[in-house]
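The chain contents come next:
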Amino acid sequence: MKVLIEYYDKDVLKNIVAPLTLKPDKVVYLYDKGMVDMNVFRSLVTCFEKSMPQIKVEHIPVDISSVEKLRVATRRVVDRYGAENCTLELTGGSELMMIAGYKAGMETGMRMVHTDLIKRCITDIETEEKVADTATLTLENFLDGKGACLMGESHRPPQPERYEDIKRMAQYLFRHLKEWKNTCSWLQTVASRGLPHELQLESRRNIQMKNGRPVAPNDEILKEFQRRGFIENLKMDKTWISFRFCSMEDKQYCISYGVWLELHVYVAAASSGVFEDVKLGTMIDWNVYDGTKMGGNEIDVVLMDDSLPVFISCKLREADTAALNELLIGKKRLGGWFSKGLIATYSKEKLENTGTYMRCKELGLEMLDERDILAEDFSDRLVKAIREHDLINLKWKKI
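Residues numbered from 1 in each chain as written. Predicted model: local features only at pLDDT ≥ 70, side-chain atom pairs only at ≥ 80, totals over all residues. Heavy atoms only, no water.

Just checking my understanding: could you explain the sheet that holds strand E14 (residues 276-285) for this structure?
Note on sheets: strands pair through backbone hydrogen bonds, and any given pair is parallel or antiparallel. Spatially, E8-E14-E15-E16-E17-E18 is the arrangement adopted by the six strands of the open sheet, whose pairing is mixed. Edge strands, defined here as strands with exactly one partner in the open sheet, are strand E8 (149-153) and strand E18 (366-368). For this sheet, the mean angle separating the axes of adjacent strands, direction not counted, is 40°. Where strand E17 (residues 340-345) lies against E18, three bridges are found, and the strand directions are parallel. Paired with Leu-342 across the bridge in E18 is Glu-366. (Pairing = 2+ DSSP bridges. Helix = DSSP H or I, 4+ residues; strand = E, 2+ residues; numbered from the N terminus. Axes fitted to C-alpha atoms, helices over the stretch in contact; angles between N-to-C directions.)

Here it is, written out as structure tokens:
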């Protein structure tokens, strides 16, 4: 029996990468006896069983304040299964766990390895030889290991054949934001008067919103929607406007003011061909074991880059400290330190070197602003911002 000994860590990556890569018959976790939530180990079983149906997971409480007690606990596991069958991974856990584990490893002669999560390889500690390249992880691996699950997406992502039209429509709206805001208010008000599944829309040109403010659409934006295939049969005169949405997805896009930046970022990421698991408007239930299906904050765009999660917040306005903090909390909650955060904001934050931009850099987040969003090579800029996000240097930042 191949047994992998792990020191449980609050960072989910340190708990799941080695088992998913080395595929042992059994994983034994030594964990802080002060922990009370044993659902974390149910989550790890769920994560592993999808690719290793026969795997066994054992967890043993230990006193992590005593090197000697930790060493003895580790030795007991090794003595039970035999040093020749055991591998100790010294990646997760506290500093004292590392010391105790190394002492136990030297005494027993069992193999000891370390996982470099940035370079994506597992190395033998004694020989410094590479044991294996780490397995490619999916967003599902992270969620399972964290005890979370996807609750769905607030907007259905577009099909690849719609990418170009969405890109062009989004850029058109970005250049005419004032007109788009009025048009969107008109569309939302008129659509709210009909049935949710109704695609046909007809209304007076000049109407009043619920707050009494008069509003009217911009003709050129409606024409562009038709030109790009989001509406059809557009008829306009001085008094009335009528048309039909081409699909329910198109209707949702057309009556949502801020979704176009999310769509623009999603299309740029998905069409780049370098990321995995690109998702739009993701809702996550952070605890699948509490008996309550409850979503946390919506993540505008989430994707996987070389087995690391990337969280992207999209703001069709200037960013603020609250938006930065929300993004930082979200990425830490799921990916821990080994995750990336990026905010796309339709503003001049970077150009003007604002306080918000400086705060963004201090928090270890990346930012793309108006110049990037409107650029023809936006997809390349997005890839570069994510790929050049240096987690190693962030280790020494005051975050």
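Sorry if this is basic, but what is going on with the packing of aromatic side chains here?
For any two aromatic rings, the description comes down to two numbers: the centre-to-centre distance and the angle of the planes. Overall, the coordinates contain 13 aromatic pairs when judged by the stated rule. Between Phe-225 and Trp-260 the ring centres are 5.9 Å apart and the planes differ by 45°, which places this aromatic pair in the tilted class. Separated by 35 residues along the polypeptide, Phe-225 in helix H8 (residues 219-227) and Trp-260 in helix H10 (residues 259-272) bring together distant segments of the chain. Taking 6.2 Å as the distance between ring centres and 70° as the angle between the ring planes, the aromatic pair formed by Tyr-253 and Trp-260 counts as edge-to-face. The class of Tyr-253 is buried, set by a relative accessible area of 3%. A residue is classified by how much of its surface remains accessible, and Trp-260, at 0% relative accessible area, is buried. Through a chain of ring-to-ring contacts, three or more aromatic side chains come together here, namely Trp-180, Phe-225, Phe-230, Tyr-253, Tyr-257 and Trp-260. In this arrangement the basic side chain of Arg-162 is found over the ring face of Phe-230, its NZ or CZ atom lying 4.7 Å from the centre. (Phe/Tyr/Trp six-rings, centres within 6.5 Å; stacked < 30°, edge-to-face > 60°. Buried < 20%, exposed > 50% of the residue type's maximum accessible area, 1.4 Å probe, protein only. Lys NZ or Arg CZ within 6 Å of the ring centre and 35° of its normal.)

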